[in-house]
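Secondary and tertiary structure notes
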Amino acid sequence: MNETILIVRNLRKYFPVKGIFFTKGYIKAVDGVTFTVLRGSTLALVGESGSGKSTVGRLILRLIEPDDGEILFNGMNVRKLKNTDLLEFRRRTAIVFQDPYSSLNPRMTVYNILKEPLEAHNIDVGDVEEYIVSLLERVGLGKEHLYRFPHEFSGGQRQRISIARVLALKPELIVLDEPTSSLDVSVQAQILNLLKDLQESDKLTYLFITHDLGVVRYIASMVAVMYLGKIVEIADTDSIFSDSRHPYTRMLLSSIPVPDPKVARAREKAKLTGEPPSPLNPPPGCRFHPRCPYAMDICRKEEPPVVEIEKRHIVCCHLYVRR
Amino acid sequence: MKKILEVKDLRVHFYTYNGTVKAVDGVSFEVYEGEVLCIVGETGCGKSVTARAITKMIRSPGKIVGGRVLFNGIDILELDEDQLSSIRGKTITYVYQDPSAALDPLYTAGYHVAETVTAHSVGMRIREALRRAVEIFHEILIPDPENRVKSYPHELSGGMKQRVVIATAVANYPKLIIADEPTTALDVTIQAQILDLLKELKGRYGSSVVMITHNLGVVAEMCDRVIVMYAGKIVEKAHTERLFENPLHPYTKGLLNAVPNPYRKTMRLESIPGVVPDMINVPEGCRFRPRCPFATNACLIEPELIEAEKDHYVSCWLTSKVGQQ
Ligand SMILES: Nc1ncnc2c1ncn2[C@@H]1O[C@H](COP(=O)(O)OP(=O)(O)OP(=O)(O)O)[C@@H](O)[C@H]1O
Ligand SMILES: Nc1ncnc2c1ncn2[C@@H]1O[C@H](COP(=O)(O)OP(=O)(O)OP(=O)(O)O)[C@@H](O)[C@H]1O
Ligand SMILES: [Mg+2]
Ligand SMILES: [Mg+2]
């Protein structure tokens, strides 16, 4: 059961910022990210805007090339894959984006949208129409939707079509980049339930990118919290919510509006200060120190080490270093 | 408590190529002094149109076709443009989702505040008003106010821009601030700071706040009372605690069950089947009927908003019948 599907070590991606004549500097979008994902589980990647979540998602699928680091998918070195191996990797992995409006070609019918990946990968499914109808049925749509165009569907239905397209190739690992952020809560609940069901029946592994901690609690097995290109804490979902250690994780947790007035008004809140600094010139030492209520001298100078609080609970913070 | 605003049977229609959109269809509510009232509901249910209609800001193809908006005893909908502009920006002010759109890139942050101040106080000069801007920045916790007033919008982060917009909104001690999804575009830690700020405003400036949101978390954190809208109508209205404790309308129940709660492990979210109705061909009778698990033939007739328990209103035949028994 506890089989590892994905190992990411020390992943790095810097984007150059171009001046008029020369490169002005680099945005350290992803700066030394390490994590492991077990088959059939969901790792949630959370953090504020610009913390590098989407970049991590695109890097591990090799939609963009990393500057450094290692990605192992089922033991294969993803950065070295070529030709048919790369094509096979592409079949076994997939991504679903936030915006179901722009990720579907408006001029294609649902039938063609779902047939496209089968043709691209030369996959023989027998009766194509039958197969496509079965895909639609799995996401709660049906035969009657085959020859319609994306604009004829609601946001939630379009996200179902995106998911059906991804399922067409029977992937193992799916990156979901804010898949429900543009949907209403009632529709979000439908999509989250669908994703859960599919994960169970197909043993899918998800890397779920979101900034909604309610969604995280519902869908994730593990959570990685990112801040300015780095993971500051990783733990089981329950530990993140009941036993978080990093001051940033705690700040994030006390920032979320809780849909329960009793809890919302009774809970103790961490002090909220400051805004995330520019990723172009991240602060030296621990990147969180300018906003951290517990910052010590060392935090301004040295990057915090990785501390294993307990098995499967890792935090990067000087506060937890035993001296 | 004193009522400062009373909206009565408000109706706003949009006359589009495809037909008439009854965006707001008989909405009534009141705002009390010093309270935060939330309007919550899913996309397209008429929250923003309601908010804009309060100061008659509805443009063609939209039209306010009925209702009254009583403010200090006068009907705002009867006023002409001159009278309206002395209310807007002074006694009733707005904060929108996108602060960038609200700020003019050519003017400094301080100028935006100073301009609203001078516009509504005869004889005040801009120098004096700029000093007032520094004061307000200080009050709403913008760091380094003396220098911040000189910043241009592009030099400010999203959260800071929204603070500047809030500064202009409170500059004239408004009676009512209407905030339409003021934190939707912001990061969570910034969102929490802005919500705290809005909560403080009623104490500091004596303003009431009408807060429009689709986030039930924001409702729980912020609001004294809640209005739940569905397809252009109010389906439920109650004090916040009561609404979460004892939701009466099946739509409200559905919404509450659909939101994943970070503080509770949920095995399965309940979702509301179906989609929001097309606002041109709204269902006959109760508009929630096609999606409602409890719908009966009675629901073919539209239910009225009735008081089911003290200060708790709902429009649903289920409750009406229980009430009669
Ligand atoms: N192609 C690119 N070129 C230059 N900079 C980029 C590029 N893609 C991302 N960035 C920068 O890298 C940083 C991380 O971006 P990323 O999109 O991964 O963040 P995110 O955590 O997904 O944020 P959000 O929650 O807003 O989606 C940001 O500062 C962003 O501006
Ligand atoms: N200018 C317009 N022309 C035609 N229809 C309009 C116009 N403005 C609004 N509507 C319609 O009025 C209805 C209510 O819109 P409104 O903007 O109030 O929704 P909302 O509740 O604020 O939704 P959201 O949560 O998406 O902001 C919608 O069905 C919308 O399509
Ligand atoms: Mg992103
Ligand atoms: Mg709106």
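Summary of the structure given here. Here the structure is a predicted model, which is why all the values come from computation and not from measurement.

What follows concerns the overall build of chain A. From N to C terminus, chain A includes eleven helices and twelve strands. In summary, chain A has a C-alpha radius of gyration of 21 Å against a globular reference of 20 Å for 323 residues, a match within 12%. When the 323 residues of chain A are sorted by exposure, 55% land in the buried category. For chain A, the share of sequence-separated contacts (at least 6 apart) that also reach a separation of at least 24 residues comes to 63%. In the form shown here, chain A has an accessible surface area of approximately 14600 Å², with 50% of it arising from carbon and sulfur atoms.

Residues and elements named next belong to chain B. Mapped onto the fold, arginine 225 is located in strand β9 (residues 225-230). A distance of 2.6 Å separates the side chain of arginine 225 from the backbone oxygen of glutamate 30, its partner in a polar contact. Those residues in contact with arginine 225, other than ones at most four positions away along the chain, are Glu30, Val31, Tyr32, Glu35, Val36, Leu37, Cys38, Lys237, Ala238, His239 and Thr240.

Counting 101 residues, the largest nonpolar core has Leu5, Phe29, Ile54, Ile92, Leu201 and Met211 of chain B as its most contacted members. Leu118, Ala164, Val187 and Tyr206 of chain A belong to the second largest nonpolar core, which has 43 residues in total.

Another aspect to go through is the sheet that holds strand β1 (residues 3-16) of chain B. All names here are of chain B. If you trace the four strands from one edge of the open sheet to the other, you get β2-β1-β4-β5, paired in antiparallel fashion. Since the sheet does not close on itself, it has two edges, and those belong to β2 (19-32) and β5 (74-75), each with one partner. Two strands pair when backbone bridges link them, and strand β4 (residues 62-71) and β5 are joined in this way by two bridges, in the antiparallel orientation. Counterpart to phenylalanine 71 in the pairing with β5 is isoleucine 74.

All names here are of chain A. Taken together, 14 residues lie near ligand 1, and Ser49, Gly50, Lys53, Ser54 and Thr55 sit nearest. Glycine 50 places a main-chain nitrogen or oxygen 2.8 Å from an oxygen atom of ligand 1. At 2.7 Å from an oxygen atom of ligand 1 is found a side-chain nitrogen or oxygen belonging to serine 54. Here ligand 1 has 640 Å² of accessible area as a free molecule, and 65% of this is covered by the chains. Breaking the shell around ligand 1 down by element, the ones donating at least two residues are β2 (23-38) and α1 (53-60). Counting residues per element, the shell around ligand 1 draws most heavily on α1, at four residues. Here the shell around ligand 1 is composed, by residue class, of four nonpolar, six polar and four charged.

Moving on, we get to α1 of chain A. Burial runs high along α1 of chain A: six of the eight residues are buried. Within the sequence span of α1 of chain A, burial applies to Lys53, Thr55, Val56, Gly57, Leu59 and Ile60 of chain A.

This part takes up the environment of valine 258 of chain A. Relative to the elements of secondary structure, valine 258 of chain A occurs in the loop between α9 (247-255) and α10 (261-266). Spatially, the C-alpha atoms of valine 258 of chain A and leucine 213 of chain A are 9.6 Å apart, while their sequence positions differ by 45 residues. Excluding its chain neighbours within four sequence positions, the residues that come into contact with valine 258 of chain A are Val263, Ala264 and Arg267 of chain A together with Gly217, Ala220, Glu221, Asn261 and Tyr263 of chain B.

With that settled, the discussion passes to the packing of helix α7 (residues 158-170) of chain B against helix α8 (residues 188-205) of chain B. Residues and elements named next belong to chain B. Two numbers describe how α7 lies on α8: the axes approach to 11 Å, and their chain directions differ by 15°. Here α7 is positioned roughly parallel relative to α8, judged by the angle of their axes. Judged by the sense of rotation from one axis to the other, the crossing of α7 with α8 is right-handed. Contact residues: Gly159, Gln162, Arg163, Ile166 and Val170 in α7; Ile190, Gln193, Ile194, Leu197, Leu198, Leu201 and Tyr205 in α8. Looking at the contact of α7 with α8, its residues break down into eight nonpolar, three polar and one charged.

Another aspect to go through is the packing of aromatic side chains. What the rule picks out here adds up to twelve aromatic pairs over all chains. Measuring from centroid to centroid gives 4.5 Å for tyrosine 230 of chain B and tyrosine 251 of chain B, while their planes differ by 55°, and the two rings are tilted. With tyrosine 230 of chain B in strand β9 and tyrosine 251 of chain B in helix α11 (residues 250-258), this pair connects stretches of sequence that are 21 residues apart. Classification of tyrosine 251 of chain B by relative accessible area gives buried; the value is 0%. Grouping aromatic residues by their ring pairs yields a cluster made of Tyr227, Tyr248 and Phe288 of chain A. Positioned above the aromatic ring of tyrosine 218 of chain A is the side chain of lysine 196 of chain A, whose terminal nitrogen or guanidinium carbon lies 4.0 Å from the ring centre. The ring of tyrosine 313 of chain B carries the charged tip of lysine 237 of chain B above its face, separated from the ring centre by 4.9 Å.

With that settled, the discussion passes to the site of ligand 2. All names here are of chain B. Neighbouring ligand 2 are 14 residues; Thr43, Gly44, Lys47, Ser48 and Val49 lie closest to it. Glycine 44 has a polar backbone atom sitting 2.8 Å from an oxygen atom of ligand 2. Contact distances for ligand 2 include 3.3 Å between an oxygen atom and a backbone N or O atom of cysteine 45. With the chains in place, 67% of the 640 Å² that ligand 2 exposes on its own is no longer accessible.

Let us now look at the interface of chain A and chain B. The partner chain B presents 46 residues to the 44 residues of chain A that form the contact. Surface buried jointly by chain A and chain B totals about 3800 Å² across both partners, of which 54% is contributed by carbon and sulfur atoms. Scanning the region where chain A abuts chain B turns up four salt bridges. For glutamate 241 of chain B, the salt bridge is made with arginine 265 of chain A, and the minimal N-O distance between the two is 3.1 Å. On inspection of chain A and its partner chain B, the count reaches 19 residue pairs in polar contact (both at pLDDT 80 or more). Of all the elements in the fold, those that place two or more residues in the side of chain A that touches chain B are α6 (185-202), α7 (213-219), α8 (237-242), α9 and α10 of chain A. Ranked by residue count, the leading element in the side of chain A that touches chain B is α6 of chain A, at ten residues. Taken together, the residues of the side of chain A that touches chain B break down into 20 nonpolar, eleven polar and 13 charged.

Definitions and limits used
Residues numbered from 1 in each chain as written. Chains lettered and ligands numbered in written order. Predicted model: local features only at pLDDT ≥ 70, side-chain atom pairs only at ≥ 80, totals over all residues. Heavy atoms only, no water. Helix = DSSP H or I, 4+ residues; strand = E, 2+ residues; numbered from the N terminus. Rg over C-alpha atoms; globule rule 2.2 N^0.38 Å. Buried < 20%, exposed > 50% of the residue type's maximum accessible area, 1.4 Å probe, protein only. Contact = heavy atoms within 4.5 Å. Areas by Shrake-Rupley, 256 points an atom, 1.4 Å probe, with all protein chains shown as cover. Polar contact = N/O pair within 3.5 Å; in protein donor to acceptor, adjacent residues only side chain to side chain. Core = buried A, V, L, I, M, F, W, Y, C linked by side-chain atoms within 4.5 Å. Pairing = 2+ DSSP bridges. Near = heavy atom within 4 Å. Nonpolar A, V, L, I, M, F, W, Y, C, P; charged D, E, K, R; others polar. Axes fitted to C-alpha atoms, helices over the stretch in contact; angles between N-to-C directions. Parallel < 35°, antiparallel > 145°, perpendicular 65-115°, else oblique. Left-handed = near helix turned anticlockwise from the far one by under 90°. Phe/Tyr/Trp six-rings, centres within 6.5 Å; stacked < 30°, edge-to-face > 60°. Lys NZ or Arg CZ within 6 Å of the ring centre and 35° of its normal. Buried area = accessible area lost by both parts, 1.4 Å probe. Salt bridge = Lys/Arg side-chain N within 4 Å of Asp/Glu carboxyl O.

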